[in-house]
Amino acid sequence: MNGNITPYKDSNLGKKEQVTQMFDTISGNYDGLNRVISFGIDVKWRKKVLQLVADKNPSTILDIATGTGDLAILMASTKAEKIIGLDISAGMLEVGKKKIAERKLDNRIEMVLGDSEKIPFEDNYFDAITVGFGVRNFENLELGFSEILRVLKPNGRFVILETSVPTQFPFKQGYSIYTKYMLPLIGRLFSKDKVAYSYLSESASHFPYGEALNNILRKVGFIEVQHLPQTFGVATIYSASKK
């Protein structure tokens, strides 16, 4: 578990507060920098998440750790009547609100400031819930998953898109070099926050993935848990349901 890995080593703040501060700082150039870092492949991964969600024909969707709303906006391609984007960073949400307004999706997508460990909705509220590159920033992973299970409707679908570590040669070695040296360098060159992308790299490398994350989902109470490695294993899509 990576609960002790935080953005700012010398800060007295908790992980949640540090993550909020970090994303508020980098919100302005987050989208563009992410496209560069992932070589644009993350767009393809998100479309696979969309398909898994669309297959359930949801009316209500919650996108947790929505950031600037990329995944929430993509979910507008479904027939969902209401899409909520939830995030602890006001800075990221403000960027997302502008993107939503530009696409004239204000009537379907609402951006909400909130905590994944205290989701401000009643039990069994959403048909589908997604998290794109956000679960490794949870301060308490099991508590966050328990809250997600609470607000998910029975037979609803929970889909996670998260970074993972390739296990096969030479992708494992290449990934290690890229995340340890190149990603933090790119972040330092183009981001206002010099440590943000070092944290994102470190948290990704220490986060449970594959069957390890599946087991945590099962422990919390999810069923029909499966994982789908993407692009040689540099990312993984997880799908789960509720009894």
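Please refer to the structure placed before this passage.
Quick notes on the rules
Within every chain, residues take consecutive numbers counted from 1 along the sequence as written. Under the rules for a predicted model, residues below a pLDDT of 70 receive no local features and side-chain atom pairs below 80 are neither given nor counted, while totals for whole chains, interfaces and linings still include all residues. Where side-chain values are given, they derive from all heavy atoms of the structure, hydrogens and water being excluded. Aromatic pairing here means that ring centres of Phe, Tyr or Trp (its six-membered ring) are within 6.5 Å. Orientation follows from the plane angle: under 30 degrees is stacked, over 60 is edge-to-face, and everything else is tilted. In this scheme, a residue with accessible area under 20% of its type's maximum is buried, one over 50% is exposed, and one in between is partly exposed, where area comes from a 1.4 Å probe on protein chains only. Fitted lines through C-alpha atoms give the axes, limited to the stretch in contact for helices. The angle between two N-to-C directions lies from 0 to 180 degrees. Secondary structure elements are defined from DSSP: runs of H or I of at least 4 residues count as helices, runs of E of at least 2 residues count as strands, and each element is numbered from the N terminus. Here the word oblique covers every angle except those under 35 degrees (roughly parallel), over 145 (roughly antiparallel) and from 65 to 115 (roughly perpendicular). Crossings are sorted by hand: turned counterclockwise from the far helix by less than a right angle, the near helix makes the crossing left-handed, and turned clockwise it makes it right-handed. Throughout, a contact is declared for two residues whenever any of their heavy atoms are within 4.5 Å. Any residue that is not Ala, Val, Leu, Ile, Met, Phe, Trp, Tyr, Cys, Pro, Asp, Glu, Lys or Arg is counted as polar, Gly included; the first ten are nonpolar and the last four charged. Throughout, the bend at a residue refers to the angle made by two axes, fitted to the seven residues ending there and to the seven starting there. DSSP calls a pair of strands paired once it identifies at least 2 bridges connecting them.

## Quick word on the packing of aromatic side chains
Inspection of the entire model under this criterion finds 8 aromatic pairs. A ring pair is formed by Phe138 and Phe145, whose centres lie 6.4 Å apart and whose planes are at 65°; its orientation type is edge-to-face. This pair shows no difference in class: Phe138 is buried, exactly as Phe145 is. The rings of Phe138, Phe145, Phe158 and Phe222 are connected pair by pair, giving a single aromatic cluster.

## What to know about the packing of helix α6 (residues 141-151) against helix α9 (residues 211-220)
Their axes nearest at 9 Å, the elements α6 and α9 cross at an angle of 55°. Looking at the two axes, α6 sits oblique to α9. The crossing of α6 and α9 is right-handed. Along the contact surface, α6 presents Leu141, Glu142, Phe145, Ser146 and Leu149, while α9 presents Leu213, Ile216, Leu217, Lys219 and Val220. Its residues assigned to classes, the contact of α6 with α9 shows 7 nonpolar, 1 polar and 2 charged.

## With respect to helix α7 (residues 171-190)
Of all the bends found along α7, the most pronounced is centred on Thr179 and spans about 40°. Taken residue by residue, α7 has Tyr175, Tyr178, Thr179, Leu183, Pro184, Ile186 and Gly187 as its buried positions. Along its buried surface, α7 packs onto α2 (30-38), β5 (152-163) and α8 (196-206).

## Section: the sheet that holds strand β2 (residues 82-87)
With mixed pairing, the 7 strands of this open sheet are ordered in space as β3-β2-β1-β4-β5-β7-β6. Two strands bound the open sheet, and with one partner strand each, they are β3 (109-113) and β6 (223-230). With strand direction ignored, the average angle separating the axes of adjacent strands in the sheet is 15°. One ladder, built from 5 bridges, connects β2 with β3; its direction is parallel. Directly across from Ile84, in β3, lies its bridge partner Glu110. Those strands touched by helix α3 (residues 41-54) are β1 (60-64), β4 (126-132), β5, β6 and β7 (235-241), and its axis lies near 170° from that of β5.

Honestly, that's just the spatial picture; any functional story needs more than this.
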